[in-house]
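Below, each chain spelled out in residue letters.
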Amino acid sequence: MTPELAGDLVGGAATAAVPLLLAGIGEQMSEKAGVLNVGIEGMLLAGAFAGFSAALATGALWPGFVAGAAAGIVVALPMVLLCVRLGLDQIVVGIALTLGLEGLTALLHRVLFSRLYPRLPAPAHWRIPGLADIPVLGPALFDRHPLAYLAVLLCAALAWLYRRTFIGLHLAAAGVQPAGLDAAGVDVVRVRALAVLGTGALAGLGGAYLAEIGAGVFVPFMTNGAGFIGIVLAMLGRGNPWLVLAGALLFGAGLSATTALQVVGADIPTDLVQMLPFAMVMVALVAFGRWASLPAALGQPFRRGR
Amino acid sequence: MKAVALPVLGALLASALVLLAVGVDPLAYYGIVLQRGLLSAHGLAASAIRVAPLLLLAASLMVSFSAGLWNLGGDGQFLLAAVAVSAVCPPLDALAGPWLALPVGLALSLAAGALWAALPAYLRAWRGVNEIITTLMMSFLGASLANTLIKMAFRDPGTTVPQTRILPVADRLPRLFGSTVHLGVVLAALVLLAVHVLLARTAFGLRLRTLGASARAARHAGIDVARTTFVALVASGALAGLAGGVEILGVWGGVRADWNPGFGLSVVALVCLARLNGLAIAALVPLFAVLSVGGESATIRLGVPSAFALVFVALLLLFLALGEAAARMRR
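On a predicted model such as this, the values are computed, not experimentally measured, just so you know.

1. Some remarks on the overall build of chain A
For chain A, the count of helices and strands is 12 helices and two strands. Order of helices (α) and strands (β) in chain A, N terminus to C terminus: α-α-α-α-β-α-β-α-α-α-α-α-α-α. Relative to the compact-globule value of 19 Å for 306 residues, chain A shows a C-alpha radius of gyration of 19 Å, a close match. Across its three principal directions, the C-alpha atoms of chain A cover 65 × 50 × 35 Å. Within chain A, the proportion of its 306 residues that are buried is 56%. A separation of at least 24 residues holds for 77% of the contacts in chain A among residues at least 6 apart in sequence.

2. Topic: the confidence of the model for chain A
For chain A, the average pLDDT comes to 86, and 93% of its residues sit at 70 or higher. At the level of individual helices and strands, chain A shows its lowest average pLDDT in helix α5 (residues 137-142) of chain A, which scores 70, and its highest in helix α2 (residues 40-58) of chain A, which scores 95.

3. A word on helix α4 (residues 74-96) of chain B
Residue and element names in this part refer to chain B. Taking 1.5 Å of rise per residue, 23 residues should cover 33 Å, and α4 covers 31 Å from first to last C-alpha, within 8% of that figure. Considering bend angle alone, the principal kink of α4 is centred on C89 and spans about 30°; proline P90 follows within four residues of it. Most of α4 is tucked away: 17 of the 23 residues are buried. Downstream of α4 by one or two residues, G97 has phi in the positive range, about 90°.

4. So, the environment of G184(B)
All names here are of chain B. Following the sequence through the fold, G184 ends up in helix α7 (residues 184-201). A sequence separation of 115 residues divides G184 from L69, and the C-alpha atoms of the two residues are 27 Å apart. In this structure, G184 is in contact with A52, L173, V246, L249 and G250, ignoring residues within four places of it in sequence.

5. Observations concerning the packing of α7(B) against helix α8 (residues 203-213) of chain B
Residue and element names in this part refer to chain B. Between α7 and α8, whose axes approach to 5 Å, the crossing angle comes to 75°. The angle between α7 and α8 falls in the class roughly perpendicular. Along the contact surface, α7 presents L198, L199, A200 and R201, while α8 presents F204, G205, L208 and R209. Across the contact of α7 with α8, the residue classes tally to five nonpolar, one polar and two charged.

The rules behind each value
- Residues numbered from 1 in each chain as written.
- Chains lettered and ligands numbered in written order.
- Predicted model: local features only at pLDDT ≥ 70, side-chain atom pairs only at ≥ 80, totals over all residues.
- Helix = DSSP H or I, 4+ residues; strand = E, 2+ residues; numbered from the N terminus.
- Rg over C-alpha atoms; globule rule 2.2 N^0.38 Å.
- Buried ≥ 20, exposed ≤ 12 C-beta atoms within 10 Å, placed from the backbone.
- Contact = placed C-beta atoms within 7 Å.
- pLDDT = per-residue confidence, 0-100.
- Expected span 1.5 Å × (residues − 1).
- Bend = angle between axes of the 7 residues up to and from the residue.
- Axes fitted to C-alpha atoms, helices over the stretch in contact; angles between N-to-C directions.
- Parallel < 35°, antiparallel > 145°, perpendicular 65-115°, else oblique.
- Nonpolar A, V, L, I, M, F, W, Y, C, P; charged D, E, K, R; others polar.

Written out as structure tokens, the structure is:
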């Protein structure tokens, strides 16, 4: 393997990993609090569309990220109302959100962008001095858009939040023993609602990164299952954001390996390479059995006095 | 009746508002959808053909959902069965004719779907691994494997496009009454009816539903939970495979690389909408077929993408869920 190919592989993996990471730690937050969020694919798409549109309108990327996160929160609102407050089936509402946003963003794309197919210019990177000078890995990992570093910082912040603060304890209690949390005088509905809104913000940001940095363009259905990979990462992450990061890099490598291999003209069928991360997860599940541990009350609506 | 009519009306109205907001005349849109999806001979046939794979996928989900199991890997099972059928049936047809190739193809598609569901089923039944993760993983794997197989193993050397050999039109599933509608539509309806009866009227169906209601209750009732779980998921995979087989043997005759109609998630929504009721599914699936077939025509005429049918399904799902919540609160 040439150094260029190695660099391309790692760099491509890092770019592809950021949306997966944000979707994964977002999903993890909901799941921790006992809400299985199947609507995350829709939140990613909403973030991608809003982020791309806002970046196009303002000519700057950061308003796009804000708009992406806001769009994710807007999509999370019906989930809060219907699943957390009214206790409706989380999987049904989640699927409705995903399908609805797939259709809606495809419609808006057609109305707004299908004449000119606008693109965003290539984003500016932040070189981290010193680290970026490491051969091969340096430019691939430490010469990226600032949001990529921010995503890793968010990972660290959430890991701290879950382990060291009352907020983390409340989240975990809402997912494992909501009645106990209620008895302790904490509003379960509020904790879960905030967790779902947080999921929306993180997933929306991930979608915005995908459209603004990853692709530079919005295409209908562009998330292509990234939200579902996020759900898998959250389930395998056992409540630990760092495990989600590891998984996101693994899947990112699998998703981007195809492009890197095509660039160097390697004679490996791309479809085989794409199977790798999924096959690895299946092998891990066969070997370690019940690795994915889920909160006891996941998917169950909480109603007081039952 | 009111519990269904109101949400349908609400979803139609809300979709119309969405269309108005982007500057499309909703009446024109609904007019084209009705005309091209239902009222023209060509559209009616196209919608009827679309119903076949959707009904079989719905039957597949009814089996697993009634046991409380989420088979979200329908797309992978569908595609691999389609590839298996496309690999075997055209050569077999050339050797022995359609009377052997068609039944073998249908059986093969059942087997391929079941095989692709077997690993998640085993892991769930005896190792306690969440089936949502494993079926999703196997679905992504299956889609890539299907492409690999088409390009590397079963590629038709006679064409430049990566695709399998194609079954001649005359040797596909028989057409009905001189139309383009094939026998698979009838087969799908019969399978859905059989699954409905199986779940509602047989001891096996009762075991599945008991397991779905409560695994602990099922264990106390003496049901072999692991075995029943395995059978439910594998049977669900087999039916999803049959959907792929019928679509190939009835419509396409072979598979192109990267072909993936992606029916999976929409059908999950339809089955949730119907609350696992076979009759309600039999009503909702044709409605969705008309919407999606008619919607594809509206793409060309009005610039509304075919994916807009998904917005209607989503709104219908939300309104039905809301209606139920309202009914519960009144009690």
